[in-house]
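# Secondary and tertiary structure notes
The primary structure of each chain is shown beneath.
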Amino acid sequence: MGQAVVVGAGVGGLAAAGALARNGWRVTLLEQGDRLRADPAALLIWPNGVRALRSLGLADGLDSIATAVPQGGVRRSDGSWLVQPGAAAALSPRVSPVVVHREDLHDALIARLTATLDVRTGITVTQVRTAPGERPAVTDGRSSWEADLVIGADGVQSAVRRAIAPEAAVVSSGYAAWRAVIPWYRAPMLGPDVTLGAEILGGEYRFVAASLGDRGSAGASSRGGIYWQATVAGAARPEAPATQLALLRRWFERWPAPVSELLAATEPGDLVQHDGREISPVLTEFGLAAGTGGVILAGDAAHGMAHHLAQGACLAFEDVATLVTLANGTQPGDGLRAAVHAYSRARVPRSAAVARQTRRVGAVLAPRGRLGTRARDAAFGVLSTRVLDRARGEAVNWFPPK
Ligand SMILES: Cc1cc2nc3c(=O)[nH]c(=O)nc-3n(C[C@H](O)[C@H](O)[C@H](O)COP(=O)(O)OP(=O)(O)OC[C@H]3O[C@@H](n4cnc5c(N)ncnc54)[C@H](O)[C@@H]3O)c2cc1C
């Protein structure tokens, strides 16, 4: 096997570095942060993501930290139902996700890194070098690392991407999002009629919550509680977290349970804010064959998109599962260069399809203005469940390559 440099230790980079090292590659993992760290929020992992993790041999780790999310239906912000939970289950019985605490997932991925893997933190890659006949290399301006395969898993603002798609821009997706996990000891008691897992939609606002384990117990995880995510049209807020929380409480005032209960139980330090960004235009290549192998992109570096379908991390796991299947057993040289092309051919159409569905779902879940909201609500009974169902169905319809 060859030598790989992975740039970025988010979920995509950790999964890639661990999988390649377990398959005999010599791997260096470069991360700009001072340590390997995840947000204190949570992630939904859809069946396609679970399949990808399973094919990477990571399903056991997932089983012990994941909780199934019930199909909660869709409500309006006045509490009325757009899609009853039962109706949603009848429409798409197979597409429920599981939810995991991001720190648990990070720990599970780190636990599967091998002792041979060289992890370097505090390294910000600034440039990628590719030249005919030379192995690709990355540099932080002081040192450089050469390998047969460079994997850019350095997120939506990827420095590695400039080597493959210098024309790609990062643009606002038009939304900001806040997430938090309220630990069980602070979580409010919710009435029996309150369904976690329901999407609650207002004009330009959206809220969803899920339970990480049972109250008082999170299975093998010590990070149980209630996870919530709020999406708001517009840009991220520059104010201090306490002011952001006050704004959230005002924006979501009078929304049905459990929204105000969860916001009341949230502390400013729980908040994780995101400025929604996406890559535009979508890339037509995720790889560049060079030297004895090449450079490839994985995760948000390749296909950063709005979070309406909650598929970004799942796609990153698909990328890694595909890469490992294609690259395994190949030798540096023609074989590995062919694997770089094959990776791009497999992953570009797949992620473009999910990005397309994400835009469709964005129009349904987060329409702009009062007219847009009315049109969405009017259409929900007939059309929008189909749009949502088709989008989720297409997104989860992925199986690891043999
Ligand atoms: C509000 C919200 C909710 C979401 N919910 C879900 C969900 O439920 N399910 C789901 O599947 N997805 C979800 N996503 C998407 C998901 O969070 C991302 O797609 C996923 O985290 C991308 O992982 P990544 O490893 O590709 O990138 P990142 O997580 O961005 O990691 C990139 C890593 O690279 C490092 N890095 C960056 N630049 C450099 C450099 N130059 N040199 C060295 N290191 C560098 C960074 O420090 C970081 O550690 C959500 C996104 C948002 C915004």
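Cut-offs used in this document
Residue numbering note: each chain is counted from 1, following its sequence as written. In keeping with the model being predicted, local features are shown solely for residues with a pLDDT of at least 70 and side-chain atom pairs are shown and tallied solely at 80 or more, while totals for entire chains, interfaces and linings include all residues. As a rule here, side-chain values come from all non-hydrogen atoms in the structure, and water together with hydrogens is ignored. For two strands to pair, DSSP has to find at least two bridges joining them. Strands are runs of DSSP state E lasting at least 2 residues, helices are runs of H or I lasting at least 4, and numbering of each runs from the N terminus. Between the N-to-C directions of two axes lies an angle of 0 to 180 degrees, each axis being a line fitted to C-alpha atoms and, for a helix, fitted only over the stretch in contact. Take the number of residues in a helix, subtract one, and multiply by 1.5 Å to get its expected span. The buried label applies to any residue whose accessible area, calculated with a 1.4 Å probe on protein chains only, is under 20% of its type's maximum; exposed applies above 50%, and partly exposed to all values in between. Only heavy atoms matter for contacts: two residues are in contact if any of them lie within 4.5 Å across the pair. Think of a patch as exposed residues, more than 30% relative accessible area, with no salt bridge, where like charges cluster within 9 Å and nonpolar side chains (Val, Leu, Ile, Met, Phe, Trp, Tyr) cluster within 5 Å. Note on areas: Shrake-Rupley with a 1.4 Å probe; residue coverage comes only from the protein chains shown. The term salt bridge refers to a pairing of a side-chain nitrogen on Lys or Arg with a carboxyl oxygen on Asp or Glu at a separation within 4 Å. For the purpose of counting charges, residues Lys and Arg are taken to be positive, whereas Asp and Glu are taken to be negative. His and the chain ends are not included. Charged groups are reduced to one reference atom each: NZ for lysine, CZ for arginine, CG for aspartic acid, CD for glutamic acid. For Phe, Tyr and Trp, where Trp contributes only its six-membered ring, two rings pair if their centres lie within 6.5 Å, and the inter-plane angle classes them as stacked under 30 degrees, edge-to-face over 60, or tilted in between. Here, proximity means that at least one heavy atom of the residue falls within 4 Å of the molecule or strand. In protein, a polar contact means a hydrogen-donor-capable atom and an acceptor-capable atom, both N or O and within 3.5 Å, with residues adjacent in sequence counting only if both atoms are side-chain atoms; elsewhere, any N or O pair within 3.5 Å suffices. Residue type decides the class: Asp, Glu, Lys and Arg count as charged, Ala, Val, Leu, Ile, Met, Phe, Trp, Tyr, Cys and Pro as nonpolar, and the leftover types, Gly among them, as polar.

This brings us to the sheet that holds strand β15 (residues 205-212). With mixed pairing, the seven strands of this open sheet are ordered in space as β6-β5-β14-β15-β16-β13-β17. Each of the sheet's edge strands pairs with one partner strand only, and the pair in question is β6 (81-83) and β17 (272-280). Across the sheet, the mean angle from the axis of one strand to that of its neighbour is 25°, orientation sign disregarded. Across three bridges, the pairing between strand β5 (residues 74-76) and strand β14 (residues 199-201) is parallel. Among the inter-strand pairings, Arg 76 is bridged to a residue of β14, identified as Leu 201.

This part takes up helix α10 (residues 312-327). The end-to-end C-alpha separation of α10 is 22 Å, in line with the 22 Å expected for 16 residues at 1.5 Å each. With 13 of its 16 residues buried, α10 lies for the most part within the structure.

Taken together, the six strands give an open sheet; going across it, the order is β8-β2-β1-β12-β19-β18, and neighbouring strands pair in mixed fashion. At either end of the open sheet lies a strand with only one pairing partner, and these are β8 (118-121) and β18 (287-290). Sheet twist, expressed as the average angle between the axes of neighbouring strands with direction ignored, equals 15°. With four bridges connecting them, strand β2 (residues 26-31) and β8 associate as parallel partners. Of the residues in β8, the one forming a bridge with Leu 30 is Arg 120. On the sheet, helix α1 (residues 11-22) packs against β1 (3-7), β2 and β12 (149-152) and is oriented at approximately 165° with respect to β2.

Of the two faces of β12, both are covered, the one formed by Leu 149 and Ile 151 as well as the one formed by Val 150 and Gly 152. As paired elements, β1 and β12 share four bridges and run parallel to each other. Looking at β12, one finds that Val 7 is bridged to Gly 152. Of the pairings in the sheet, the one linking β12 to strand β19 (residues 293-297) comprises four bridges and is parallel in character. Looking at the pairing, Leu 149 lines up with Gly 294 of β19.

This part covers a positive patch on the surface. Positive charge collects at one region of the surface, where Arg 356, Arg 359, Arg 360, Arg 386 and Arg 390 lie side by side. Among the elements of the structure, α11 (334-365) and α12 (369-396) are those that each provide at least two residues to the positive patch. Among the elements that take part in the positive patch, α11 stands out by supplying three residues, more than any other. Its place among the elements puts Arg 356 in helix α11.

Under the definition given, this model contains six aromatic pairs. Judged by centre distance (5.6 Å) and plane angle (80°), the ring pair of Tyr 205 and Phe 252 falls under edge-to-face. Here the residue Tyr 205 occupies a position in strand β15, and Phe 252 occupies one in the loop between α7 (241-251) and α8 (259-265), the gap between them amounting to 47 residues. Judged by relative accessible area, which is 25%, Tyr 205 ranks as partly exposed. Connected via pairs of aromatic rings, a cluster forms that spans Trp 178, Tyr 205, Phe 207, Trp 228, Trp 251, Phe 252 and Trp 255.

This part takes up the pairing of strand β7 (residues 98-101). Along β7, one buried face is formed by Val 98 and Val 100 and the opposite face, lined by Val 99 and His 101, is buried too. When strand β3 (residues 42-45) meets β7, the two strands line up antiparallel, connected through four bridges. Note on β7: the bridge partner recorded for Ile 45 is Val 98. As judged from the two bridges shared by strand β4 (residues 67-68) and β7, these two strands associate in the antiparallel manner. When the bridges of β7 are listed, Thr 67 appears paired with Val 99.

Moving on, we get to the site of the ligand. As a structural note, the neighbourhood of the ligand is formed by 31 residues, with Gly 12, Glu 31, Leu 44, Arg 102 and Asp 300 the closest of them. Glu 31 is positioned such that a nitrogen or oxygen atom in its side chain is 2.7 Å from an oxygen atom of the ligand. In this structure, Asp 300 approaches the ligand through a side-chain N or O atom, which is 2.7 Å from an oxygen atom. Its free accessible area being 1000 Å², the ligand has 85% of it covered by the protein chains. Looking at the shell around the ligand, the elements with two or more residues in it are α1, β2, β3, β13 (169-183) and α10. With three residues, α10 is the largest single contributor of residues to the shell around the ligand. For the shell around the ligand, the class distribution of residues is 14 nonpolar, 12 polar and five charged.

Of the consecutive residues Ala 257 and Pro 258, the connecting peptide bond is found in the cis state with omega at 15°. With respect to the helices and strands, Pro 258 occurs in the loop between α7 and α8. Look at Arg 254: it is not a glycine, yet its phi comes out positive at around 65°. Despite not being glycine, Ala 310 has its phi angle at roughly 50°, a positive value. On the secondary structure map, Ala 310 appears in the loop between α9 (300-303) and α10.

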